[in-house]
Structures are given as structure tokens and as C-alpha cells.
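# Observations on chain architecture
So the chains spell out like this:
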Amino acid sequence: MPKKIAITGAEAVIRSLLAEDANLVFGYPGGAIMPIYDELFKFQDKLHHVLTRHEQGATHAAQGYARTSGKVGVAMATSGPGATNLVTGIADAQIDSTPMVCITGQVASHLLGSDAFQETDIIGISTPVTKWNYQITKACEIPEIMAKAFYIARTGRPGPVLIDITKDAQFETFDYSYQKCSGIRSYTPITTLSNKEVEKAVELINKSEKPLVVWGQGVILGNAEEELKIFLEKSGIPAAWTILGLSAISTDHPLNRGMVGMHGNYAPNILTNECDLLIAIGMRFDDRVTGDLKTYAKQAKIIHLELDPAEVNKNVHVDLALISDCKISLKELINNIETKTYPDWIKRFDELDKIEYDKVIHSDLFPSKDGLTMGESIKIINKHSNNDAIIVTDVGQHQMVACRYAKFIRSKSNVTSGGLGTMGFALPAAIGAKMGAIEREVVAVIGDGGYQMTIQELGTIFQQQIAVKIVVLNNDFLGMVRQWQQLFFDKRYASTEMVNPDFVTIAKGYRIRAKRVEKRKDLDKAVKEMIDSKEPFFLEICVEKEDNVFPMIPSGASVSDIRLE
């Protein structure tokens, strides 16, 4: 039995975090969580706390940390507005399957329900966007609930957990001991794989003449990158990725044929509706991937490798499901499938790739016009980072361009807000991403709109001296909304043009090195200076104001209706 010691609930929280190897916390103090922060002060040599400038920043930083480190991110905040400010990041983590434990302070238990100062029902508010939540009113509950929180957050399909602790529980003394959670009755993180279903899948794969793999973040969360690579190389099947699956295998792998979805690549989108077998691995058939479900891959047999049974047949009816960890499923398939190649099918991809290159990619990367493009900016970042930076993107045109043109040679290199599409995500997420992979170069690529939603986190970067590189692709517009207004609302640019401040002066105000680039002749040198810097660096790149991102599948249209202009 673990040794018991008499301590307060607040100290128990800190000791529990350390027992779970959570030695980094992002947060913001306040009255209802002050006892925990007081104990944190005493343990600061063992547990590093990063003071963000807003509670939302704490959750996004915890997400970035989780995505690059593979560990559970931790965020803390006080009650009331502190807790509610966490909700956007929690919702983002829920839909993008990011393991995170959020700890909130709460008013004393005898005040619950009395509308006390800074009291909010955060359990009720967060229930729809957490994997699990719990309110602690007695100190003796803390060890068991903290152990469960970390177990639930990291196992199975990962996600956010919220623990709300009343102030009296933080002060209360009890006999503390800690035991990590290794299982919970009725909670089965991984389903046992069916050998019969594997046999059926192998038969479908071996018989297929035009197969296509689409993989998602499940491959990265399941640490199945090597298995995916071996499976593709043995099967010879061309593959494409969802936005969160990017970087699972090298972008220059010959069987990696690009991105599916609204602004994905031409070939994999078109050929989704020509393949005879679609193998979906660790992805959930999001509407931005499928377009019109009535026309999505109707000609194909569909095999779904998925950990979460709730995702199977939720959006797209599949012919066969391998419900388990995709690392396990892929190993079984590798051991049984035939070694094949598909030269004629691959040639079809090559033909469509050339069409996209001629109509879209060449002008994005090698523009003839005077104004800078987002695409060439990403190309130069690739060059000076040797395709090995972690790219953290916000939401909008720059996000789609970065995902299309960023080059990666190793996994966990793409950090973005996928399902929720949270503007303001990138700057704080880059802080966490860098702290989760301190040896790697981290470049945040952000639009001028999203940047200003969490711009205060420059203060966190300055205080912590975190050497993130910040690139704002400034087009003086809410670019993605403006593009839709141009294409579908007769160019009525309602409330999308931005009157921006002097971003360079603001960065310098936070004592961060900063530059602005307006001319092509200055771009290469400025990016090199940024990448070479051992300190935080801000670079504003002024790009064309009314460029559009293509290809594009109009909302609700079929993937076959993808537009190149």
C-alpha cells in the first residue's frame, strides 16, 4: 500500500500532478484556486507553471504541449470567468482528441448554488465538451479523481477532462496516498480486434484494383506512423490525409498523394469518387472531408479502421469496420495482405496532380505578380527550416495554404485547430508546442485576424523567453470569410476588412525581435534571420489582399465538384 501522509487538498493536487509526471502547467491564478497556487509556489523547483495572459491561452498552450510531447496537457484557472474562459480550448481539445486535464477552483461547498461571487456551474457548462468531468467537495476524493482524470484523458480516444475543486476541499487536511489508475469498470479504451473482420478486410484489399487510403490523426495518436508506412509500401496503395493526419509520414513519400477535403489536393478528392476501395484509418469522415454525403464514395467498398465505435457509421456507412487501436489493426493487415503495385491507378493521380500544379500550385509558389503570396512564404520557411519545423497554424486561408505546402519529415510536426476551427489558437499553442519539443524549431503561422484574438500571449513568450517564431501573413482581411463573400455573396465584403495596428511595434513593445517584409527581394533573408535566431522572433509578411485558396470544394458540394479557380 502507498504510504499515507497528512496534507491539505491543495498540496494533494500538486503531488498528484507530479505522480502523473505532469511537471508543466499552464494557468492563471485567482481567488478560488489560490490555495493550490500557494502550494505550487512551494513546489516550483519540481513543477513549472507558465503564467499565460488569458485562461483560453492556457488551454491552447496545453493542447500544443500535448500534441508535440505526446503527454497530457494541464491547464488551471479559478472559478467563474476563469473557468468559463477555458471552455473554448476544452471544446477544441474534445473535437480534436487532445489529452488534457483542466483543474478549476470553485467557491466553498456551502456556497454552491447561492450565486456567490465568481460562482459558475462549470460542470454543467463543460459536460458537452469534456470526455469526463467531476466536482470535488472533499479533500479525500482528490487522489482517486486525479488518477482517473489522467487515465481517462490519455487512454482510448484521448480528450479533455475537467476537475472542479471547491475552496474548502483545497484547505481541508486528510491522509494522502496516491495510486495510478489502471482501469475503470465499464470503460473499455481499446476493443479487441476481430480476426474474422481482419480476414474480410484482407480479402477486399487483395481484390481491389483502385484502392485509396485516407488517414487521420488516429495514426499519430496511436503511434502507428511506422505501421502506416509499412502497410502502404507493401500494399502499394496511394494515400491521402486529413488536416490533422498531416506529418504522420513524410510529405515527400511517393505514396503520399496530399490532402483531402475542402481545400485539399485535386487528385485525392476527385479519385475518392473513382476508387473501388476506400480504407479510412483513424479519421472520422468530417463534413469538410466528405462534402455531400449523398455522393461520397458511393462506388467504393469502405473499410474503417477506428478506435472509437461511436464514429463507425456515424456519417458514412461502411462495409467493414476494424474497431481497435489502428497500430494493432495495421500490423494484422501487414501480416496478411499481398505485396502489390498499381501503376495505372498511380498514373491517374499523376495526371490530376499535373492539372493542379499547372492551374494552382505553380502560381502559388512561383508567382509572376508583384505581391507576395502565402504559398511562397511557406516555401521559404520550408527551405530555411530544412522541412523539419513544427508548424503551428491558426484558422483561415493561411492555415489551408500552410497545410497544403508545408513539408515535413517527421511526425507530430503539424499543430492546428481542426474540428472546431478556433481563431486565436496558434500563438498560445505554439508556446506549448515549443515547450513540448524544446529541441525543435517551432513556427507559428497566423493570419492578421486570429493573431489579434490572443496577441496578449506575446507577454507569455517574453516572460518565459520561449524561442517560438511567429509569422503573421497579413492581407488586411479576414481572408477566408472574404473569399466566401467574393465567390458566393457577390463581393459584398461585410465586416471583413481589417484596419490593423503596427504589429512590429507591438512585438518590440514585448521586447521581441521583429521585422516586416513587403517586397519579394527581402523575403528570403528575413525568413533566414528568423529561423537562425535563438530567441523569439516576429515576422510580418504583407501578402496580396485578395488572393484566394484553391482548389476548393463549395460547402455542401460533392468532392467531385472541386474547383481549381
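Model, not experiment: these values are computed from the prediction. (Residues numbered from 1 in each chain as written. Predicted model: local features only at pLDDT ≥ 70, side-chain atom pairs only at ≥ 80, totals over all residues. Heavy atoms only, no water.)

### Some remarks on the sheet that holds strand S15 (residues 390-393)
The six strands lie next to each other as S16-S15-S17-S18-S20-S19, forming an open sheet whose pairing is parallel. Every other strand in the sheet has two partners, leaving strand S16 (414-416) and strand S19 (513-517) as the edge strands with one partner each. Adjacent strand axes in the sheet meet at a mean angle of 15° when their direction is disregarded. Sheet topology note: the S19/strand S20 (residues 537-542) ladder contains five bridges and is parallel. (Pairing = 2+ DSSP bridges. Helix = DSSP H or I, 4+ residues; strand = E, 2+ residues; numbered from the N terminus. Axes fitted to C-alpha atoms, helices over the stretch in contact; angles between N-to-C directions.)

### What about the sheet that holds strand S7 (residues 160-166)?
Strand order in the open sheet made by the six strands is S3-S2-S4-S5-S7-S6, with parallel pairing throughout. With partners counted over all chains shown, the strands left at the sheet margins are strand S3 (48-51) and strand S6 (132-136), one partner each. The average angle at which neighbouring strand axes cross in this sheet is 20°, direction not considered. When strand S5 (residues 100-106) meets S7, the two strands line up parallel, connected through seven bridges. When the sheet's bridge partners are listed, Gln106 is paired in S7 with Thr166.

### A word on the pattern of salt bridges
Enumeration according to the criterion identifies 33 salt bridges in this entry. The partner of Arg157 in a salt bridge is Glu311, with the nearest N and O atoms 2.7 Å apart. Separated by 154 residues along the polypeptide, Arg157 in the loop between helix H7 (142-154) and S7 and Glu311 in the loop between strand S13 (301-306) and strand S14 (320-323) bring together distant segments of the chain. Residue classification places Arg157 among the partly exposed residues on the basis of a relative accessible area of 22%. Note that Asp353 is salt-bridged to Arg257, the shortest N-O span being 2.7 Å. Note that Asp353 is positioned in helix H15 (residues 343-365) and Arg257 in strand S11 (residues 256-259), a separation of 96 residues in sequence. A relative accessible area of 23% places Asp353 in the partly exposed class. Three or more residues are tied together by salt bridges with common partners; here these are Arg157, Asp308, Glu311 and Lys314. (Salt bridge = Lys/Arg side-chain N within 4 Å of Asp/Glu carboxyl O. Buried < 20%, exposed > 50% of the residue type's maximum accessible area, 1.4 Å probe, protein only.)

### Focus on the domain arrangement of the protein
Domains assigned within the protein are domain 1 (5-176), domain 2 (195-349) and domain 3 (370-542). The gap between the C-alpha centroids of domain 1 and domain 2 is 37 Å. Taken together, the contact between domain 1 and domain 2 spans seven residues of the former and seven residues of the latter. Buried area between domain 1 and domain 2, summed over both chains or domains, comes out near 630 Å², and the portion from carbon and sulfur atoms is 54%. The largest share of the area that domain 1 buries against domain 2 comes from Arg67, Asp96 and Arg157, three residues that together contribute 64% of it. Taken together, the links from domain 1 to domain 2 amount to two salt bridges. The closest approach of N and O atoms between Arg157 and Asp308, which form a salt bridge, is 2.9 Å. In this structure, the connection of domain 1 to domain 2 is made through three residue pairs in polar contact (both at pLDDT 80 or more). Tallied by class, residues from the side of domain 1 that touches domain 2 come to two nonpolar, two polar and three charged. (Domains from an automatic or database assignment. Contact = heavy atoms within 4.5 Å. Buried area = accessible area lost by both parts, 1.4 Å probe. Polar contact = N/O pair within 3.5 Å; in protein donor to acceptor, adjacent residues only side chain to side chain. Nonpolar A, V, L, I, M, F, W, Y, C, P; charged D, E, K, R; others polar.)

### Describing unusual backbone geometry
A cis geometry characterises the amide bond from Phe550 onward to Pro551, with omega recorded as 0°. At Gln118, a position not held by glycine, the phi torsion is positive, near 60°. Looking at where Gln118 falls in the secondary structure, it is placed in the loop between S5 and helix H6 (122-126). Phi at Ser495 is positive, roughly 60°, even though this residue is not glycine. Following the sequence through the fold, Ser495 ends up in the loop between helix H21 (479-488) and helix H22 (503-509).

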